[in-house]
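Here is what each chain is made of, one letter per residue.
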Amino acid sequence: MFLTAVQHLLGLAVGFLVYALARRYRLPRWAATLAAAPILLDAYQMNIEHFVMAEVLLQALVVGAVALFLWDEKPSIVFCAGAGVLLGLAGLSRTVGLSILPVAAVFLLARRVGLARLAAFGVMVAVIMGGYSLWFGAARHGVEADDGFFLYGRVQSFADCTRLNIPANELGLCDAVPLSERPNANYYIWGRNTPAHIVPPRKGMTQNAMLRDFALRAISGEPVEYAGTVTLDFIHYFRPGHITGRLDEPGDQWRFPRALDHAVMWRDAVRLHDDSTPVIAGGLASFVRGYQAMMFPDGPIFAVLLLLGLAAPFLMWRRPGGKESALIVAIAIVLLAVPLMTTMFDYRYFLPAIPFLGLAGAFGLSAIWTRVPGTGARAALIGAAAIFVGCVSLAFALSAAPAKTAATACRSVRALDYGTKATRSGALTQTRTEAAYLQEMYQAAADRESALLSLGGRYRTLWVLMMNGAGAADNHYAIERACGRHRCGSRAVPAGVVLARAQAFAMTRIRLVHEYCDVHFGRGGGRTAKRGTSKGSQASVSPVFVPAWFRET
């Protein structure tokens, strides 16, 4: 509760600073209000302030540093040093913060602030970053990085090893699954049965360095595909409705829930600490859920703000605010683009850029407003922006096909279970165990279904069941690996029994997916599981279904 309150206050402070900066550069009150409104009213911003995540802290640190840079026409040495401290901390809070440092340095050079101010900024950045690195290195016997893991997940959305020059020791990092059937980057980063966690590096190289080397080879070998992937994801930010696809982090993760998505899991997790039963309270909780359904600037609105921000430096270059607006829009683009270049698409990564998009858009609109004479011309300008936003939103709304997507996810796993011909041949082709193969296939199916999570009901249930199937197969595979190293089983419970139990549990979870697909998305979408199930079990599947025997164990 304390953390949430602090982050709410940080969000309010960011909105205040954005408004104050706009007024500092003599933007009219309506333009300053426009700049601050997105950060103050966006319900997704309110949602992320409830998480133990770095977005709000990064946002506040970068906005604070920009305020110090821009408060005076020529920032003082103290302000430059303070901005260095804040941006150094931003680089420690999230890696994307490091990409702001060169942008800030270029801005100071363009403003010709002098060597002393530039040195004050650089020294404080070095003190913060260097001091942390020395402390971390002493505590952990070396400064570690995970950039290779994330970049490896990023390139798997387009990497085709048949077109790349991959050394022999890294060939195991290639995924034989066709591009159209692969899961999103999270699977490759975090999945225990993925090559990132299984393929050993050559002597003298760390796991992270090997993954980074593979990813850079994929990027240099397929630069057009990499650029296309990043560009399409960048455009995705400006789609209406916070829609996500199979290669994205599900947008539903960042919405206030209407019900506990997996009540038994929540109950068991809480009982590790006390005997309470978690519930979602009514009253204010219901209000914020309803508020989030309506109150957020849609993607096309942010597209208009970005276009206005890009125009601002050209319209104001010889006027106060020209170079400043260039810094603001550059930071917005960097905050949006760098996560897409290094990780994956996630609406969470959009939030730190909101104050800069709002401020840049206000600069651009104010500049155009003063150049457009007459009420009629200004009304036409507003009308054109409204038509653009409406047409883009309508086009995406008409293209939605949720039932088709759910049926596609079901069809992709209809023949996949332990011992089936499809599973055996798929695993054999990829020289993997059935558990490893099934885990990736069910994760990919859940990713296909993730775009429909916001619809709730049977769509969310299908996603939960598919994720459960993938997790159970992943657990079976982990036990297989442990048993292969003679690290499973005991005198009371032999290794064979441990393996059999893990496989039986995974089979039960997988067959629940098939049954649910048959009942809710047609028998063409799934297959009826005849082994080890009964007709009665079909009726028992609910949005938070967990078998009775699992609750007992």
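These numbers come from a predicted model, not from an experiment.

### A closer look at the overall build of the protein chain
In terms of helices and strands, the protein chain carries 25 helices and zero strands. A globule of 553 residues ought to have a C-alpha radius of gyration of about 24 Å, and the protein chain, at 26 Å, matches this closely. Principal axes of the C-alpha set define a box for the protein chain whose edges measure 75 × 55 × 55 Å. When burial is assessed residue by residue, the protein chain has 48% of its 553 residues classed as buried. About 26,100 Å² of surface is accessible on the protein chain, with carbon and sulfur atoms providing 66% of the total. Between the mean site of the 53 positive side-chain charges and the mean site of the 36 negative ones, the protein chain shows a separation of 3 Å.

### Some words on the layout of surface pockets
As a volume, the second largest pocket reaches approximately 1,200 Å³. Residue lining of the second largest pocket: 36 residues in total, with Arg94, Thr95, Asp146, Asp147 and Phe150 positioned closest to the centre. Counting residues per element, the ones that place at least two in the lining of the second largest pocket are α5 (77–93), α7 (115–140), α8 (147–155), α9 (185–190) and α16 (322–342). Considering every element that reaches the lining of the second largest pocket, the biggest residue donor is α7, with four residues. Partitioned by chemical class, the residues of the lining of the second largest pocket number 19 nonpolar, eight polar and nine charged.

### Side note on the environment of Gly309
Relative to the helices and strands, Gly309 is located in helix α15 (residues 299–316). The class of Gly309 is buried, set by a relative accessible area of 0%. As a C-alpha pair, Gly309 and Ile166 span 143 residues in sequence and 42 Å in three-dimensional space.

### A word on the pattern of salt bridges
Applying the stated criterion across every chain yields a total of 15 salt bridges. Where Glu324 meets Arg111, a salt bridge forms, and the shortest distance between an N and an O atom there is 2.9 Å. Of the two residues, Glu324 sits in helix α16 while Arg111 sits in helix α6 (residues 100–111), which places them 213 residues apart along the sequence. Side by side, Glu324 and Arg111 carry an identical accessibility label, which is buried. A salt bridge links Arg217 to Asp213, with the shortest nitrogen-to-oxygen separation between them at 2.9 Å. Of this pair, Arg217 and Asp213 both sit in helix α11 (residues 207–221), four residues apart, roughly one helical turn. Taking the relative accessible area as the measure of exposure, Arg217 reaches 30% and is therefore partly exposed. A single salt-bridge network, built from bridges that share partners, covers Glu55, Arg94, Asp346 and Arg348.

Reading the values: the criteria
Residues numbered from 1 in each chain as written. Predicted model: local features only at pLDDT ≥ 70, side-chain atom pairs only at ≥ 80, totals over all residues. Heavy atoms only, no water. Helix = DSSP H or I, 4+ residues; strand = E, 2+ residues; numbered from the N terminus. Rg over C-alpha atoms; globule rule 2.2 N^0.38 Å. Buried < 20%, exposed > 50% of the residue type's maximum accessible area, 1.4 Å probe, protein only. Areas by Shrake-Rupley, 256 points an atom, 1.4 Å probe, with all protein chains shown as cover. Lys, Arg positive; Asp, Glu negative; His and termini not counted. Charge placed at Lys NZ, Arg CZ, Asp CG, Glu CD. 1 Å grid on protein atoms, 1.4 Å probe; cavity = no way out; pocket = protein on both sides within 12 Å on 5 of 7 lines; lining within 4 Å. Points joined across faces, edges and corners; volume = space filled by probe spheres on them. Nonpolar A, V, L, I, M, F, W, Y, C, P; charged D, E, K, R; others polar. Salt bridge = Lys/Arg side-chain N within 4 Å of Asp/Glu carboxyl O.

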